[in-house]
Amino acid sequence: MAGPTMNAEEALLWALGSDMPQPPLMLNTLTMNPPMIAAETSPGHRRMLQEQLDRAVEQANALRAREEAEVFDLANGGAACDCAPGEPCCLKEFVIEDAGDASRKVTWPVPENGPRTLFLTCKDPYGGQPSAKARLKITSKEDCKQGKAGVPSLRPSNFADDNSDIPDSDERIVTTPFQMPALSGKILPPEVITAVYILGLAIQSSTYRAQRSPAAGANQCVGTGFGGLTVCPLPHAKLEAELEGSVGITIFSSRLPTLSAKLTGKITGEVGNQTLEFEKSGEAEEKQAPATRAQERQQQGESTPLISFIEDIQDAMNGLAGESGSPDALRAPQSDAFGSSIGIELKLGLKIGTLELKGKEASPDLSLALSGCEVTYGLSVTGKMDLLDLFLSRFPRGPEIRRRLANPGNAVSASAQCAIEVGGAGDLSYGIGDIASLTIGNADDWEARLEEIEHTFTAKARITGKVFADARLEAETWFFKAEAAAGASVSTGWHFGGRVVRSQGGGRKTEKLYHFEGVVLRAYATVSVSAAASKSDSSSDVFGDYASTSSVSGGVTAKSNLAEPDYTLEIMSPEGEKDGWI
């Protein structure tokens, strides 16, 4: 007979342990949609994700019912034994325990309101990731009443080293799903990135929710059922920090960036399988940034607002430098003296009195301690970036101008320039109230207690860009009015922000803002033509913001019509929305 209907969490545990063929995407939906629903702010998107999850749960329940029917052979006279899926039968009891401390464990069958998940902190290296060992052990069993081969046993899933069935007891390796952010070519030193990353991670309740967790179920004649045990692996963390000073990066259009720093203080401790020993006494340093490796560019992992705020700014300026070269044309001849570069300087203050995340003795849960945690940034951005190649690739007369510039014999008949000057400032303030010891894990109230901790975060920055451009081909000259894509001013801008908001239910959510206004160039032509007159004169008629002008000198008349542009070029597209907090 059919067992009770599974919810989403139970359906995931069943799907991880079942041999039944499953529809495409069912397991992925059961795994990914719950955390996505929790993080989603759009009601429409949240409803769509919930509908997908509900369908996957229905599929899992239908498959489990079919699995039970096959095991019990209902069509041919009933079950050969009185076992029920998910309940003890020939396998009476098993445990998953911390291989380094047997007092830390979870037990199946799970007592009413008892713990189901063992939280482990990972610090041993395995395949480039922090890892820990869990011991899976059957503590009580008897022979299968049907004489089925291979049962009773434990059926593990999502362990890093081995997921074969366990007849009695074995140790298996788990690795944390949290990857450290890319460290190469970043304005912040790697040790600072590691410290602020783990600080931001520790305070987010989503960190401690299951993310395709390792699990094990009782493999009996009636299958694994859905009432197994899980492991939640997290990075080991213990560190202290007090650091202040400045760091900087200069981004170039044609070579690798340079990094500079003048810091005083130290960071000490352990994060995952890394040992941090970083100490500076105020000496100025400068070096070329290493090339970013492909795997770092593709890396996906949990982000924190302390890192994403400054990385969004650096990425925007890197993107601007990347626009300085056209992907579909040869470089136009340019002077090396142009000085095409953007500098970002960050005044940094970092204090961590105590941060420690460790396993709690005689409990499957974790203990988190925080005190004296504060981070501040003061930001300034200045520089000038050449956009000539991008400009010539978008300007209709650009290919001909480029062709002439590339031929020294024809260069006198053509010229062009386009560049953007940038400047801006910003700041960030981040603080966390002290936590003597907070138990995180299986209890129902820990998320609410984590949300109650005092948490301040405000960040803002605005970078403006002033564009100037002109072009000439034979007697025809164009000058350009540079605007934001909205057409509101002669400059463009990048807007960045970060904040913590509280929901009506008291929950805490971190939001970020990124908006780029874009760049539009409007081209107005001045044409020189022969004239019989020999006088020198000029006149101007104004039409709103624009004018129609003519001038006569030496028998040549130059005419411009500023009422309507000859060409409108979108050099850079806008991104984000002005008040688009997400």
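Note that the structure is a prediction, hence the values are computed from the model and not measured. (Residues numbered from 1 in each chain as written. Predicted model: local features only at pLDDT ≥ 70, side-chain atom pairs only at ≥ 80, totals over all residues. Heavy atoms only, no water.)

Draft legend 1. Structural detail: the pairing of strand 12 (residues 274-288). Where strand 11 (residues 258-271) meets strand 12, 13 bridges bridge the pair, whose relative direction is antiparallel. What sits directly across from isoleucine 267, in strand 12, is phenylalanine 278. Connecting the antiparallel pair strand 11 and strand 12 is a turn made up of two residues, with glycine 272 showing a positive phi of about 60 degrees. (Pairing = 2+ DSSP bridges. Helix = DSSP H or I, 4+ residues; strand = E, 2+ residues; numbered from the N terminus.)

Draft legend 2. Spotlight on unusual backbone geometry. Put simply, tryptophan 108 and proline 109 share a cis peptide bond, and its omega is 5 degrees. Following the sequence through the fold, proline 109 ends up in the loop between strand 2 (101-108) and strand 3 (117-122). Backbone torsion omega between valine 151 and proline 152 reads 0 degrees, so that peptide bond is classified as cis. Here proline 152 is to be found in the loop between strand 5 (129-141) and strand 6 (153-157). Of note in this structure, asparagine 113 is not a glycine but carries a positive phi near 60 degrees. With respect to the helices, strands and loops of the structure, asparagine 113 is situated in the loop between strand 2 and strand 3.

Draft legend 3. How the structure looks around the nonpolar core. In this structure, Tyr208 and Phe391 are the most contacted members of the largest nonpolar core, which totals 102 residues. Listed in part, the 20 residues of the second largest apolar core include Ala134, Phe159, Ile166 and Ala218. (Core = buried A, V, L, I, M, F, W, Y, C linked by side-chain atoms within 4.5 Å. Buried < 20%, exposed > 50% of the residue type's maximum accessible area, 1.4 Å probe, protein only.)

Draft legend 4. How the structure looks around the sheet that holds strand 8 (residues 215-219). On the basis of which strands lie adjacent, the open sheet formed by four strands has the order 3-9-8-6 and mixed pairing. Every other strand in the sheet has two partners, leaving strand 3 and strand 6 as the edge strands with one partner each. Averaged over all neighbouring strand pairs, the angle between strand axes comes to 25 degrees, with direction disregarded. (Axes fitted to C-alpha atoms, helices over the stretch in contact; angles between N-to-C directions.)

Draft legend 5. Structural detail: helix 8 (residues 398-406). When helix 8 is considered as a whole, its buried residues turn out to be Gly398, Ile401, Arg402, Arg404 and Leu405. Viewed along the axis of helix 8, the buried residues span an arc of 165 degrees, placing them on a single side of the element. Facing away from the buried side of helix 8 by over 90 degrees, the exposed positions are Pro399 and Ala406. Residues of helix 8 that are buried in the fold lie against helix 7 (388-394), strand 16 (414-432) and strand 18 (455-473). (Arc of directions from axis to C-beta. Contact = heavy atoms within 4.5 Å.)

Draft legend 6. Region of interest: the environment of proline 181. Mapped onto the secondary structure, proline 181 falls in the loop between strand 7 (169-175) and helix 4 (190-202). The exposure class assigned to proline 181 is buried, which follows from its relative accessible area of 16%. In sequence terms proline 181 and serine 308 are 127 residues apart; their C-alpha atoms lie 10.0 Å from each other.

This is a description of form; function is not addressed.
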